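# Structural overview
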Amino acid sequence: QVQLVESGGGLVQHGGSLRLSCAASGSIFSINVMRWYRQAPGKQRELVAAITSGGSTNYGDSVKGRFTISRDNAKNTAALQMNSLKPEDTAVYYCNAILRRIGEPYLDNYWGQGTQVTVSS
């Protein structure tokens, strides 16, 4: 069994910063990609940032230059540093991992439970 657990959400003022963390645990052989998604009320879930095991990153247009994704392959963790936060960044942020479990030949897709980020104006 595999679990993804996010932490670090909260309430912050416009222009402030937050750092989200995601820890993957369980029978993990390897993690190909770790991603952060977000979903605001009444909107579709959108990709915020992604990072491969090799360190290649990809960002949504709305967060480029403000957010930075990182990961620690040895610890199976990922982080999202969010700077210059805006009210429109308010959403539930979800950690996602494409990974291979020990003893399994295929890749699986896992999600965390989400953490709320609220940016006040």
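Conventions adopted
- Residues numbered from 1 in each chain as written.
- Predicted model: local features only at pLDDT ≥ 70, side-chain atom pairs only at ≥ 80, totals over all residues.
- Heavy atoms only, no water.
- Helix = DSSP H or I, 4+ residues; strand = E, 2+ residues; numbered from the N terminus.
- Buried < 20%, exposed > 50% of the residue type's maximum accessible area, 1.4 Å probe, protein only.
- Salt bridge = Lys/Arg side-chain N within 4 Å of Asp/Glu carboxyl O.
- Phe/Tyr/Trp six-rings, centres within 6.5 Å; stacked < 30°, edge-to-face > 60°.
- Lys NZ or Arg CZ within 6 Å of the ring centre and 35° of its normal.

What follows deals with the environment of Ser84. Tracing the sequence through the fold places Ser84 in the loop between strand E8 (77–82) and strand E9 (91–101). When its relative accessible area of 41% is taken as the criterion, Ser84 is described as partly exposed.

Moving on to the pattern of salt bridges. One pass over the structure, following the stated rule, counts four salt bridges. Two residues, Arg38 and Glu46, come together in a salt bridge whose shortest N-O distance is 2.6 Å. Classification of Arg38 as buried rests on a relative accessible area of 5%. Residues Lys64 and Asp61 are paired through a salt bridge, measuring 3.1 Å at the closest nitrogen-oxygen approach. Accessibility expressed as a relative area gives 67% for Asp61, which makes it exposed. A cluster of three or more residues bridged by salt bridges with shared partners is formed by Arg38, Glu46, Arg66 and Asp89.

Here the focus is the packing of aromatic side chains. In the structure shown here, the tally under the stated rule is one aromatic pair. Plain terms: the ring middles of Tyr37 and Trp111 are 5.0 Å apart, the flat faces sit at 55 degrees to each other, and that makes the pair tilted. Taken together, the residues Tyr37 in strand E4 (residues 28–39) and Trp111 in strand E10 (residues 107–111) connect sequence positions 74 residues apart. According to the relative accessible area criterion, Tyr37 is buried, its value standing at 18%. On the basis of relative accessibility, which here comes to 35%, the residue Trp111 falls in the partly exposed class. Above the face of the Tyr94 ring, Arg45 is positioned so that its terminal group lies 3.8 Å from the ring centre. Just above the ring of Trp111 sits the side chain of Arg45; from NZ or CZ to the centre is 4.7 Å.

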